[in-house]
Amino acid sequence: MHSNGAGEFRSQGGEKVMLVTDLIHSCSNDQVAQAATCCIGGVFAERVRAVALEKGISEGRFVAVVVRNFALRADETERALLASEMNGSDQPILSGLRRVVEKALESGAQFADDVKGYGLPFVRRDGDLSFDGTPRLRRAVGLDAR
């Protein structure tokens, strides 16, 4: 599998597999992330709910921020691994989302305001969103030329 660095991967046969890009585009939205978390349900949704409550934000916002952080931080190898894990799933976006969020939950779920070097945070301490990091996010998911 080869990557163009923006989350799009080509299989041996040359067909595009854009699962990681689709995950980032869709689940960076609070409402889509909320719905996806509800669809996954179970213990996963309960863990997300507990952490989001602890941070004082909605579950959808929490998941969306985790996905945005993944978009900014994941290197080509990590994206390729995620794409290969998603590829065989019945519900690849939900499967990929679960993997990304569970990894963040296991590592303490850092937000963009915990990470140096990305400018102002996506989620401000007062709970509102900051869009100052949007240009870097757009570059990370391949929407803008580098």
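Note that the structure is predicted; figures quoted are calculated from it, not measured. (Residues numbered from 1 in each chain as written. Predicted model: local features only at pLDDT ≥ 70, side-chain atom pairs only at ≥ 80, totals over all residues. Heavy atoms only, no water.)

Q: Requested: an account of the pattern of salt bridges, with residues and values cited.
A: In this structure the tally under the stated criterion is seven salt bridges. As a salt-bridge pair, Glu 46 and Arg 49 come within 2.5 Å of each other at their nearest N and O atoms. With Glu 46 and Arg 49 both in helix α3 (residues 42-55) and three residues apart, the pair spans about one turn of that helix. You can call Arg 49 partly exposed: its relative accessible area is 33%. Residue Lys 103 pairs with Glu 78 through a salt bridge whose shortest N-O separation is 2.7 Å. Here Glu 78 lies in helix α5 (residues 76-87) and Lys 103 lies in helix α6 (residues 92-106), a separation of 25 residues in the sequence. By relative accessible area, which is 42% here, Lys 103 ends up partly exposed. (Salt bridge = Lys/Arg side-chain N within 4 Å of Asp/Glu carboxyl O. Helix = DSSP H or I, 4+ residues; strand = E, 2+ residues; numbered from the N terminus. Buried < 20%, exposed > 50% of the residue type's maximum accessible area, 1.4 Å probe, protein only.)

Q: Requested: an account of the packing of helix α1 (residues 19-27) against α6, with residues and values cited.
A: Between two packed helices, what matters for the description is the angle formed by their axes and the separation of those axes. Across the interface, α1 lies against α6 with an axial gap of 10 Å and an inter-helix angle of 75°. Judged by the angle between their axes, α1 and α6 are roughly perpendicular. Where α1 abuts α6, its residues Leu 19, Asp 22, Leu 23, Ser 26 and Cys 27 lie against Pro 92, Ile 93, Gly 96, Leu 97 and Val 100. In the contact of α1 with α6, the residues fall into seven nonpolar, two polar and one charged. (Axes fitted to C-alpha atoms, helices over the stretch in contact; angles between N-to-C directions. Parallel < 35°, antiparallel > 145°, perpendicular 65-115°, else oblique. Contact = heavy atoms within 4.5 Å. Nonpolar A, V, L, I, M, F, W, Y, C, P; charged D, E, K, R; others polar.)

Q: Outline the nonpolar core, supporting the account with residue identities and numerical values.
A: Across soluble globular proteins, you tend to see nonpolar side chains buried next to one another. Membership of the largest hydrophobic core comes to 30 residues, with the highest contact counts inside it found for Phe 62, Val 63, Leu 97 and Val 101. Elements supplying a minimum of two residues to this core: α1, α2 (30-40), α3, α4 (59-73), α5 and α6. The element contributing the most residues to this core is α4, with seven residues. (Core = buried A, V, L, I, M, F, W, Y, C linked by side-chain atoms within 4.5 Å.)

Q: Describe the confidence of the model for the protein chain, and please don't skip the residues or the numbers.
A: Of all residues in the protein chain, 62% attain a pLDDT of 70 or more, and the chain-wide mean is 75. Per-element averaging of pLDDT across the protein chain places strand β3 (residues 16-17) at the bottom with 38 and α2 at the top with 96. Below a pLDDT of 50 lies the segment residues 5-9, which in the model reaches 28 contacts outside its immediate sequence neighbourhood of four places, other chains included. Of the regions scoring below 50 in pLDDT, residues 11-17 engages in ten contacts with residues more than four places distant in sequence or in other chains. (pLDDT = per-residue confidence, 0-100.)

Q: Before we move on, could you go through the packing of α3 against α6 and cite the residues and values that matter?
A: As a packed pair, α3 and α6 sit with axes 11 Å apart at the nearest point and diverge in direction by 50°. Viewed along their axes, α3 and α6 adopt a mutual orientation that is oblique. Both α3 and α6 take part in a crossing whose hand is left-handed. Contact with α3, carried on its side by Phe 44, Arg 47, Val 48 and Val 51, involves Arg 98, Val 101, Glu 102, Leu 105 and Glu 106 of α6 and no other residues of that element. A class-by-class count of the residues in the contact of α3 with α6 yields five nonpolar, no polar and four charged. (Left-handed = near helix turned anticlockwise from the far one by under 90°.)

Q: A description of the environment of Pro 92 should follow, citing residues and the corresponding values.
A: In this structure, Pro 92 sits in helix α6. In sequence terms Pro 92 and Leu 82 are ten residues apart; their C-alpha atoms lie 9.9 Å from each other. Setting aside residues no more than four positions away along its own chain, Pro 92 makes contact with Leu 19 and Met 86.

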